[in-house]
Amino acid sequence: MQKDRIYLFHGTDIPAVYARKQQAGNGTAETVEQGKEHSTTAEIVQQINQPSLFTEVRRFEFVNPLFLTQKDESIPAKEFLQALENVPAETRIFFILEGKADRRLGLVKKILPLAQVSMSEFIPGWKVSAAFDSVLRAQDRGLSRAARQYLQAVAESWENISSVFITTEAQKWQLMTNQKEIPLEVVQESLPSCNDRCSGFGMIWWINVNELFWKPFRIYSMIWQRP
């Protein structure tokens, strides 16, 4: 089976999980059909086997399906895998897990070789500077020495942070200055405002909630984790 039919997006960095899911779905003309959250393998097979009255170009999305985190014997594993292998070439199946898939489970072991897998993990505070370097390098930019020292000092108070935040801030810095080395003033101006909007519900505006989430009341704890 072609690997471009089955996708698995999982990890502890839940905002990044949904962002990568969105990126994978961009630019397609597929009809998106949402499955029930915590679907069993039997329910997944039942849904993907239902004929469409309108198009054969379809995408199914299943959030937190049970088989990724616990043993699911609602139908035999062989029947589930066969159903996935028999989907039309134009069909895409997205499995989205808010957490890590349990690789010890037999069905997970069999699914992984068949799928395009994207795992997103929170970035610990001590790695934030390196994460910014990576994003800025792709933009042919960098941090000035003073800006890097300031960022490292601020990041010491962070426990974990989403890569969505890193990318968003780097893009904002690019708009704030055309200098190849991001100056201290830009980082100083950016991060205090982030401290305000990233604690509680004030930061929700900078995420496209409708595109990435249908559970906005949990976003604040997903993106910004402090000790």
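Each remark here, short or long, concerns the structure printed above.
A brief report on the enclosed structure follows. (Residues numbered from 1 in each chain as written. Predicted model: local features only at pLDDT ≥ 70, side-chain atom pairs only at ≥ 80, totals over all residues. Heavy atoms only, no water.)

**What about the packing of helix α2 (residues 41-49) against helix α3 (residues 77-85)?**
Okay, so step 1: Closest axis-to-axis distance for the α2/α3 pair is 10 Å, and the angle between their directions is 30°. Judged on the interaxial angle alone, α3 and α2 are roughly parallel. In this structure, the crossing between α2 and α3 has a hand that is left-handed. Contact with α2, carried on its side by Thr41, Ile44, Val45 and Ile48, involves Phe80, Ala83 and Leu84 of α3 and no other residues of that element.
Okay, so step 2: Looking at side-chain class alone, the contact of α2 with α3 contains six nonpolar, one polar and no charged residues. (Axes fitted to C-alpha atoms, helices over the stretch in contact; angles between N-to-C directions. Helix = DSSP H or I, 4+ residues; strand = E, 2+ residues; numbered from the N terminus. Parallel < 35°, antiparallel > 145°, perpendicular 65-115°, else oblique. Left-handed = near helix turned anticlockwise from the far one by under 90°. Contact = heavy atoms within 4.5 Å. Nonpolar A, V, L, I, M, F, W, Y, C, P; charged D, E, K, R; others polar.)

**Comments concerning the side chain of Glu61**
Okay, so step 1: With respect to the element layout, Glu61 can be found in strand β3 (residues 58-63).
Okay, so step 2: Ignoring any residue separated from it by four or fewer positions in sequence, one finds Glu61 in contact with Lys21, Val32, Glu33, Gln34, Gly35, Phe94 and Ile96.

**Considerations on the packing of aromatic side chains**
Okay, so step 1: Tallying each qualifying case throughout the model produces 10 aromatic pairs.
Okay, so step 2: Ring plane angle 85° and centroid distance 5.2 Å describe the contact between Phe67 and Phe95, whose orientation is recorded as edge-to-face. Of this pair, Phe67 sits in the loop between β3 and α3 while Phe95 sits in strand β4 (residues 92-98), placing them 28 residues apart in sequence.
Okay, so step 3: A residue is classified by how much of its surface remains accessible, and Phe67, at 1% relative accessible area, is buried.
Okay, so step 4: Between the aromatic rings of Phe132 and Trp173, the centroid separation amounts to 4.7 Å while the plane-to-plane angle is 20°, which identifies the pairing as stacked. With Phe132 in helix α5 (residues 128-138) and Trp173 in helix α7 (residues 163-176), this pair connects stretches of sequence that are 41 residues apart.
Okay, so step 5: Among the residues examined, Phe132 registers a relative accessible area of 0% and is labelled buried.
Okay, so step 6: Feature note: the residues Phe60, Phe62, Phe67, Phe80 and Phe95 constitute an aromatic cluster, connected by ring pairs. (Phe/Tyr/Trp six-rings, centres within 6.5 Å; stacked < 30°, edge-to-face > 60°. Buried < 20%, exposed > 50% of the residue type's maximum accessible area, 1.4 Å probe, protein only.)

**Details of the sheet that holds strand β2 (residues 31-34)**
Okay, so step 1: Sheet architecture is open: five strands sit in the order β2-β3-β4-β1-β5, paired in parallel fashion. Sheet topology places β2 and β5 (116-119) at the edges, where each strand pairs with a single neighbour. In this sheet, neighbouring strand axes are inclined to one another by 15° on average, regardless of whether the strands run parallel or antiparallel.
Okay, so step 2: Here strand β1 (residues 6-11) runs beside β4; their pairing, made up of six bridges, is parallel. By the bridge assignment for β4, Phe9 is matched with Ile96.
Okay, so step 3: This element, helix α1 (residues 14-25), spans β1, β3, β4 and β5 of the sheet and lies at about 170° to β4. (Pairing = 2+ DSSP bridges.)

**Things to note about the packing of α5 against helix α6 (residues 145-155)**
Okay, so step 1: Between α5 and α6, whose axes approach to 9 Å, the crossing angle comes to 135°. Of the possible angle classes, the one that applies to α5 and α6 is oblique. On the side of α5, the interface is formed by Val128, Ser129, Phe132 and Asp133, while α6 contributes Arg148, Leu151, Gln152 and Ala155.
Okay, so step 2: Here the contact of α5 with α6 is composed, by residue class, of four nonpolar, two polar and two charged.

**Digging into the nonpolar core**
Note on soluble globular proteins: their nonpolar side chains tend to be buried together.
Okay, so step 1: Counting 26 residues, the largest nonpolar core has Ile48, Phe67, Leu68, Phe80, Leu84, Ile93 and Phe95 as its most contacted members.
Okay, so step 2: Broken down by secondary-structure element, the contributors of at least two residues to this core are β1, α2, β3, α3, β4 and α4 (106-111).
Okay, so step 3: The biggest single contributor to this core is α3, with four residues. (Core = buried A, V, L, I, M, F, W, Y, C linked by side-chain atoms within 4.5 Å.)

**A short note on the side chain of Ser162**
Okay, so step 1: Note that Ser162 resides in the loop between β8 (160-161) and α7.
Okay, so step 2: On the accessibility criterion, Ser162 (0% relative accessible area) is buried.

**Some words on the pattern of salt bridges**
Okay, so step 1: What the rule picks out here adds up to 11 salt bridges.
Okay, so step 2: A salt bridge links Arg92 to Asp4; its shortest N-O distance comes to 3.9 Å. Taken together, the residues span a long stretch of sequence, with Arg92 in strand β4 and Asp4 in the segment before β1 at a distance of 88 residues.
Okay, so step 3: You can call Arg92 buried: its relative accessible area is 17%.
Okay, so step 4: Put simply, Asp140 and Lys180 hold a salt bridge, and the shortest N to O gap is 2.8 Å. Placement of Asp140 in the loop between α5 and β7 (142-143) and of Lys180 in the loop between α7 and β9 (181-182) is noted, with a sequence separation of 40 residues between them. (Salt bridge = Lys/Arg side-chain N within 4 Å of Asp/Glu carboxyl O.)

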